Amino acid sequence: EPEVTQTPSHQVTQMGQEVILRCVPISNHLYFYWYRQILGQKVEFLVSFYNNEISEKSEIFDDQFSVERPDGSNFTLKIRSTKLEDSAMYFCASSVGGSGSAGEKLFFGSGTQLSVL
Amino acid sequence: QKEVEQNSGPLSVPEGAIASLNCTYSDRVSQSFFWYRQYSGKSPELIMSIYSNGDKEDGRFTAQLNKASQYVSLLIRDSQPSDSATYLCAVNSQGGSEKLVFGKGTKLTVNP
């Protein structure tokens, strides 16, 4: 079964540093997402991306966050100046159609555990 | 603020029993409802989706939706130790939103 691939699986960084989390969505999918889960907390929506632009973002997704699809396969999340509270598991997800459409299945990657020291 | 609420548990059932997981949501216009299973340290995995009032069965799993009561449930029949995980309820609103709102999850333990 095709899968969403995320790298790295673990990322440790110093506060104030920039990090880039990488994802390879499933090849025929058109919608891409980033979610995050702070330890012991809910899975939270960050951003959705369609047709090479952000289609929706949450209040968490402020100016320190950005997303990019630099080529035909990769989808990245950049955090410009990391804060302690950015420590979380970051999940990339993709779907054929938008997750708001009935019958759509969201496929999650295995996640990147980000630790900000 | 759109909320999805679940009992955090833990819910403990013996092997072979029925596990019942419940979820309520606050946004009355929500249209799509999902149950995800998440093993510790792993990503969410879709178990069931439901869009219409009533029951939907898939193998040992049955999802139940009551939009009037803003309530979704998941029944797991013949529970197995491998079902031990955290079960996440997720809701999507209408209007073209791409956002899934997740509950905090209910931790289920199935005892052999």
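See the structure above.
Residues numbered from 1 in each chain as written. Chains lettered and ligands numbered in written order. Predicted model: local features only at pLDDT ≥ 70, side-chain atom pairs only at ≥ 80, totals over all residues. Heavy atoms only, no water.

A. A look at the overall build of chain A. Assigned secondary structure in chain A consists of 0 helices and 11 strands. For chain A, the N- to C-terminal ordering of α and β elements is β-β-β-β-β-β-β-β-β-β-β. For a compact globule of 117 residues, the expected C-alpha radius of gyration is about 13 Å, and chain A comes in at 13 Å, within 12% of that figure. Expressed as a percentage of its 117 residues, the buried residues of chain A come to 46%. With an accessible surface of roughly 5700 Å², chain A has 48% of that area assigned to carbon and sulfur atoms. (Helix = DSSP H or I, 4+ residues; strand = E, 2+ residues; numbered from the N terminus. Rg over C-alpha atoms; globule rule 2.2 N^0.38 Å. Buried < 20%, exposed > 50% of the residue type's maximum accessible area, 1.4 Å probe, protein only. Areas by Shrake-Rupley, 256 points an atom, 1.4 Å probe, with all protein chains shown as cover.)

B. Expanded view of the pairing of strand β7 (residues 65-68) of chain A. Residues and elements named next belong to chain A. Side chains F65 and V67 project from β7 onto a buried face, and the interleaved S66 and E68 project onto a face without burial. Pairing geometry for β7 and strand β8 (residues 75-79), over 4 bridges, is antiparallel. Following the sheet pairing, F65 is matched in β8 by I79. (Pairing = 2+ DSSP bridges.)

C. Molecular detail of the interface of chain B and chain A. Chain B puts 22 residues into the contact, and the matching count from chain A is 26 residues. Three residues stand out in chain B for area buried against chain A, namely B:E98, B:F102 and B:K104, and they jointly supply 34% of the buried area on that side. Run the count over chain B and chain A and you get 1 salt bridge. Taking the shortest distance from any N to any O, the salt bridge between A:K42 and B:E3 comes out at 3.3 Å. In this assembly, chain B and chain A are joined by 4 residue pairs in polar contact (both at pLDDT 80 or more). (Contact = heavy atoms within 4.5 Å. Buried area = accessible area lost by both parts, 1.4 Å probe. Salt bridge = Lys/Arg side-chain N within 4 Å of Asp/Glu carboxyl O. Polar contact = N/O pair within 3.5 Å; in protein donor to acceptor, adjacent residues only side chain to side chain.)

D. Structural detail: the nonpolar core. Membership of the largest hydrophobic core comes to 24 residues, with the highest contact counts inside it found for B:W35, B:V72, B:L74, B:I76 and B:Y87. Setting aside chain neighbours within four positions, we find B:L74 in contact with B:A19, B:S20, B:L21, B:W35, B:M48, B:F61, B:T62, B:A63 and B:Y87. Core analysis: the next-biggest nonpolar cluster, separate from the first, contains 23 residues, A:I60, A:I79, A:C92 and A:F107 among them. (Core = buried A, V, L, I, M, F, W, Y, C linked by side-chain atoms within 4.5 Å.)

E. Spotlight on the pattern of salt bridges. All names here are of chain B. Per the counting criterion, the structure on display carries 5 salt bridges over all chains. Put simply, E57 and R77 hold a salt bridge, and the shortest N to O gap is 3.5 Å. Of the two residues, E57 sits in strand β6 (residues 54-58) while R77 sits in the loop between β8 (71-76) and β9 (85-93), which places them 20 residues apart along the sequence.

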